[in-house]
Amino acid sequence: MRQAAKILANLIVLGSGVVLRAVSQAYRQAIQNASKTGVAQETVQNMARRGSKAMSVAEARLILGVTENTPMEEVLKKYEALFERNGKMGSFYIQSKVHRAKECLEQEYTRQQSETEQPSG
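Only a predicted model underlies this, so the values are computations on that prediction, with no experimental measurement involved.

## Some details on the overall build of the protein chain
- When helices and strands are tallied, the protein chain shows five helices and zero strands.
- Walking the protein chain from its N terminus toward its C terminus, one meets helices and strands in the order α-α-α-α-α.
- Burial status across the protein chain gives 15% buried among its 121 residues.
- Within the protein chain, counting contacts between residues at least 6 apart in sequence, those at least 24 apart form 54% of the total.
- With the model as given, the accessible surface of the protein chain reaches about 10000 Å², and the carbon-plus-sulfur share is 58%.

## Concerning helix α3 (residues 57-64)
- For α3, the set of buried residues is Ala60, Arg61 and Leu64. The arc that holds the buried residues of α3, viewed along the axis, is 100°, so those residues lie on one side.
- Looking at the buried side of α3, the elements it contacts are α4 (72-89) and α5 (92-117).
- A positive backbone phi angle near 70° is found at Gly65, which sits one or two residues after α3.

## Describing the UniProt feature "signal peptide" (unreviewed entry) in the protein chain
- According to UniProt, the "signal peptide" (unreviewed entry) feature falls on residues 1-17.
- Here residues 1-17 runs as 94% helix and 0% strand, with 25 Å between its end C-alpha atoms.

## What to know about the packing of aromatic side chains
- Inspection of the entire model under this criterion finds one aromatic pair.
- Here the aromatic rings of Tyr79 and Phe83 are separated by 5.3 Å at their centres, their planes lie at 35°, and the arrangement is tilted. One end of the pair, Tyr79, and the other, Phe83, are both in helix α4, four residues apart, so they sit about a helical turn from each other.
- On the accessibility criterion, Tyr79 (12% relative accessible area) is buried.
- A residue is classified by how much of its surface remains accessible, and Phe83, at 25% relative accessible area, is partly exposed.

## Description of the nonpolar core
- If you look at the biggest cluster of nonpolar residues, it comprises twelve residues: Met55, Ala60, Leu64, Val66, Met72, Val75, Tyr79, Leu82, Val98, Ala101, Cys104 and Leu105.
- Elements with a minimum of two residues in this core: α3, α4 and α5.
- When residues no more than four places from it in sequence are discounted, the contact partners of Val98 are Ile63, Leu64, Tyr79, Leu82, Phe83 and Asn86.

## Some words on the layout of surface pockets
- There is about 180 Å³ of room inside the largest pocket.
- Taken together, 13 residues make up the lining of the largest pocket; nearest its centre are Arg61, Glu68, Thr70, Tyr109 and Gln112.
- Among the secondary structure elements, those contributing two or more residues to the lining of the largest pocket are α4 and α5.
- Per element, the largest residue contribution to the lining of the largest pocket is four residues, and it comes from α5.
- Residue classes in the lining of the largest pocket are distributed as six nonpolar, four polar and three charged.

## Details of the pattern of salt bridges
- Using the criterion set out here, one finds five salt bridges in the structure.
- Glu106 serves as the salt-bridge partner of Lys102, at 3.6 Å between the closest nitrogen and oxygen. In this pair, Lys102 and Glu106 are both assigned in helix α5, four residues apart and thus about one turn of the helix distant.
- On the basis of relative accessible area, Lys102 is assigned to the buried category, the value being 13%.
- The class for Glu106 is partly exposed, based on a relative accessible area of 29%.
- Note that Glu108 is salt-bridged to Arg111, the shortest N-O span being 2.5 Å.

Criteria and thresholds
- Residues numbered from 1 in each chain as written.
- Predicted model: local features only at pLDDT ≥ 70, side-chain atom pairs only at ≥ 80, totals over all residues.
- Heavy atoms only, no water.
- Helix = DSSP H or I, 4+ residues; strand = E, 2+ residues; numbered from the N terminus.
- Buried < 20%, exposed > 50% of the residue type's maximum accessible area, 1.4 Å probe, protein only.
- Contact = heavy atoms within 4.5 Å.
- Areas by Shrake-Rupley, 256 points an atom, 1.4 Å probe, with all protein chains shown as cover.
- Arc of directions from axis to C-beta.
- UniProt positions renumbered as here; feature names shortened; annotations may be inferred.
- Phe/Tyr/Trp six-rings, centres within 6.5 Å; stacked < 30°, edge-to-face > 60°.
- Core = buried A, V, L, I, M, F, W, Y, C linked by side-chain atoms within 4.5 Å.
- 1 Å grid on protein atoms, 1.4 Å probe; cavity = no way out; pocket = protein on both sides within 12 Å on 5 of 7 lines; lining within 4 Å.
- Points joined across faces, edges and corners; volume = space filled by probe spheres on them.
- Nonpolar A, V, L, I, M, F, W, Y, C, P; charged D, E, K, R; others polar.
- Salt bridge = Lys/Arg side-chain N within 4 Å of Asp/Glu carboxyl O.

Put into structure tokens, the structure is as follows:
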């Protein structure tokens, strides 16, 4: 009985080693094929975009319903109205999107203000 358990354990270890080598070889081949077709670069770029949780300024404007010419005071009014409305209705997801949009536009506004204050030269 003991001998059978040892043989079975050896078979499992050897089998898993073979499977591991086959999987790693297939993965390497897939990477080579992807790099030849340009899929690898596109995948890396998509992963970078997904990994970045930053919201674009355009998306932030869409969420708050403002344009690039809307003054910051109006943006804050829109934010407060949407944030409160979604807080009462119970949509935490939309409420968080509204909050992230406000943060994004505040950063953009601050960046634009610092650019206009710097002398060109």
